[in-house]
Amino acid sequence: MVAATALLWWFASGSAMSQPDAAGSGANPAHAVPAGPIGAAASEARAVDGRIEAVSPSVPPSLPSPREPRGRLGICVRSESGAVLPGCQVAAASERATTDAGGRVEFELPAERVFVAVTPPRGVELHETRGQMTVQRDQLTELTIVLAPRRTVSFCCRIVAAADARPLGEATLYPHFAESSTSDGQGLAMLEIDALARFVDVWLEGFALRRVRVEPGHETPATAMVVPMSAEAVLCLAVVDPAGAALGGGNATVFYAPRHIVWPLGSAAGGDHETGFGDVDPFGKVEIGRLPAGVPMQLEVWISDDYGRIDEQPLLLQPGRNERRVVMQPCGGIRGHVRDANGQPVAGVVVRSMAAEAEGTMRVTGGYQYPPGIVGDSEATAADGAFCIRQLAPGPYLVGTVGDEERVAVVQRVVVPTGRDVDLDLRLVPGLAIAGRVLGPEGKPAAGIPVYARVDGENAAWDRTDQEGRFRLYPLPAGECELVVVGDSGLGFVEPARALSGDQRVELHLRVVSRGLAGRVVPGGDAWVAARCRVSGATAMTSCDLDGSFAFAQLELGTWDLHAEDGLGHVAVGSVEIRDAQDPPPVTMVLTSRALILLSHPQADEFVVVRGVEVAAFETLAGGGAYEARVPPGNWTVVFRRGGVELQRRDVVVGAGERVRVEGGG
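Residues numbered from 1 in each chain as written. Predicted model: local features only at pLDDT ≥ 70, side-chain atom pairs only at ≥ 80, totals over all residues. Heavy atoms only, no water.

A. Quick look at the sheet that holds strand 35 (residues 458-464). Taken in spatial order, the 4 strands line up as 35-34-37-39 in an open sheet, and their pairing is antiparallel. If you trace the sheet from one side to the other, it starts and ends with strand 35 and strand 39 (497-500), each paired once. Going across the sheet, the axis of each strand differs from the next one's by a mean of 30°, ignoring polarity. Sheet topology note: the strand 34 (residues 450-455)/strand 35 ladder contains 6 bridges and is antiparallel. Directly across from Pro 450, in strand 35, lies its bridge partner Arg 464. (Pairing = 2+ DSSP bridges. Helix = DSSP H or I, 4+ residues; strand = E, 2+ residues; numbered from the N terminus. Axes fitted to C-alpha atoms, helices over the stretch in contact; angles between N-to-C directions.)

B. Focus on the sheet that holds strand 19 (residues 251-256). The strand order across the open sheet built from 4 strands is 21-19-23-24, with neighbouring strands paired in antiparallel fashion. Of all strands in the sheet, those bounded by a partner on one side alone are strand 21 (274-279) and strand 24 (310-315). With strand direction ignored, the average angle separating the axes of adjacent strands in the sheet is 20°. Bridge analysis of strand 19 against strand 23 (residues 297-302) gives 5 bridges, and the strand direction is antiparallel. Each residue of the ladder has a partner; that of Ala 252, found in strand 23, is Val 301.

C. Representation of the nonpolar core. Counting residues in hydrophobic clusters, the biggest one holds 25 residues, and the most contacted among them are Leu 235, Leu 237, Leu 299, Val 301 and Met 328. Among the elements of the structure, strand 18 (233-240), strand 19, strand 22 (285-291), strand 23 and strand 24 are those that each provide at least two residues to this core. Tallying contributions element by element places strand 18 first for this core, with 4 residues. For Leu 237, the contacting residues outside a window of four places in its chain are Ala 252, Gly 284, Lys 285, Val 286, Leu 299, Val 301, Arg 324 and Val 326. (Core = buried A, V, L, I, M, F, W, Y, C linked by side-chain atoms within 4.5 Å. Buried < 20%, exposed > 50% of the residue type's maximum accessible area, 1.4 Å probe, protein only. Contact = heavy atoms within 4.5 Å.)

D. Spatial organisation of the packing of aromatic side chains. Here the structure, examined in full by the defined rule, presents 2 aromatic pairs. Each ring, one from Tyr 452 and one from Trp 462, has its centre 6.2 Å from the other, and the planes form 25°; the classification is stacked. Of this pair, Tyr 452 sits in strand 34 while Trp 462 sits in strand 35, placing them 10 residues apart in sequence. The class of Trp 462 is partly exposed, set by a relative accessible area of 38%. (Phe/Tyr/Trp six-rings, centres within 6.5 Å; stacked < 30°, edge-to-face > 60°.)

E. Molecular detail of the state of the cysteines. The tally for this structure, following the rule as stated, stands at 0 disulfides. This cysteine, Cys 76, is not joined by any disulfide, and Cys 88 carries the nearest cysteine sulfur, 9.7 Å off. (Disulfide = S-S within 2.5 Å.)

F. Layout of the pattern of salt bridges. One pass over the full model with this rule turns up 28 salt bridges. Note that Arg 659 is salt-bridged to Glu 215, the shortest N-O span being 3.3 Å. With Arg 659 in strand 56 (residues 659-663) and Glu 215 in the loop between strand 16 (210-213) and strand 17 (225-229), the pair connects residues that are 444 residues apart, well separated along the chain. Arg 659 gets classed as partly exposed once you look at its relative accessible area, which sits at 28%. When its relative accessible area of 17% is taken as the criterion, Glu 215 is described as buried. Between Arg 352 and Asp 377 there is a salt bridge, and its shortest N-O distance comes to 2.7 Å. Of this pair, Arg 352 sits in strand 27 (residues 351-355) while Asp 377 sits in the loop between strand 27 and strand 28 (386-392); the two residues are 25 residues apart in sequence, bridging distant segments of the chain. For Asp 377, a relative accessible area of 17% gives the class buried. If you follow the salt bridges from partner to partner, you end up with Arg 72, Arg 104, Glu 106 and Glu 142 in one network. (Salt bridge = Lys/Arg side-chain N within 4 Å of Asp/Glu carboxyl O.)

In structure tokens, the structure reads:
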């Protein structure tokens, strides 16, 4: 599937920062007034090798606690005039309550980040609000939520054909939070929509889907936004087997990024990836229409478990009908026996197969350390050690046994042929251990640190250090392992740590490699904060709590540029230096009405928008495409680069709500 997240935070594509805009997501349409201390919750994402990743499920769970940490959350609900709002339905984690005469509720909850939703009483024209809030341990956390009134605004647009600018009637417009509308014979559509609606989707037979960004300045027919519609691309797919016979049933799906269909071009594109979907008929045919032409897309096809699924096949279509033929390969299997070091059959063992993307044979892989039951597992081996795994798509696989407390399998790489089984014997050998101690920066034992052993880049075993900093990794195959620590301790190694299996006197010395960062966005509410390290390019992003507080659990040492944005068109930028001595002090980011800079350059592959030491935007460019930088108003410098070398810089002055185009290369 096409990657759905932008890896660099305030990308002009809007993929990352526009997540609160997702269609139908119930994005928070209100704002919250800061009412309590800054939360210290871990962020929802962390930077890993320049990518944004959710906290990995492979991180071991916390040590058992005799008592779950808890705290209290007090919520007061008010209107914008300051009046308290009794009778509001409030949900916090799994708890439910109704605000009293003073507009207040109080919950006792786990001391963690919890989901909060507030719904006004029936008949009261206020928006509901929802978001996250961090409950402090053994404390009362106070939160005031202000429900915004439901307001409508006028938005006019004129739908025309991109090819010849002729008006298009009968186009259906679907605003978020509002009823649909239809363009008239002159292509004019006049909408009265919720003030919080940010996008309008336009559908018309024979044309590709268009997503329109709602902007001020288009309130009347005389000032209507002209929206061009491009001719649709239609994917006409024929699904066959290797002999050319049609395969019926199943489905086909096309994915593409919303930034390719948004208007005006380069606007922040809200919502998840768009999809086109169709069922394959009994004759192996499927048609998917209303797709954009000239846009990179990904195709997925599934027929049945007897055939390998086609995933992430690139697709680029022309206007009109596009004939494509997809050949589905029959699945094969892996069969064989599991034997011990003496060649004797081993019963009761589960064999696991995992797709192997890289060449070579791994001796062990972390996936085999998890319990049986995932796709690609065999039934437990019979008395003669026999196993069989069916319905595997043709291609290379790594095959081993699910983690055993005493033995390990020498993992083998095999290629499953089309429609046939491959024979394989697996050998179990006694496992070896690596043991020792972990010491912190001051030379004292480091307790509660998860330590992993990796073989050929894959997790093979893990343990959590005890109060004396001791750990034991077992069982491991013979050979060298890389030792790594994970989690939110902020500790790590200057150089990779390595040890030989069987070495039980290992001493690991940790240093501070990352720190947490906390802060607050004012006025808070529906806001996201993104961070980018100037040196490594690592990125991270998190949503704010309802009181505007935010926290990143661990950011590597160095200078980080911060960019905050809410769903109401406000932004803030800043930077912070993270050192190894201690966590930096909390930062405050004050949101202001944003300005928009539309950038393009035919040769550049990246741009950066700077003002002195402030970095407001950083984005990669592709093929001269236009991108939107969302910045605070003022004087800025746009620097276009290619391969890290500066090509051109342009100075630009933008006011609040203003949209300025900066084209390089001239």
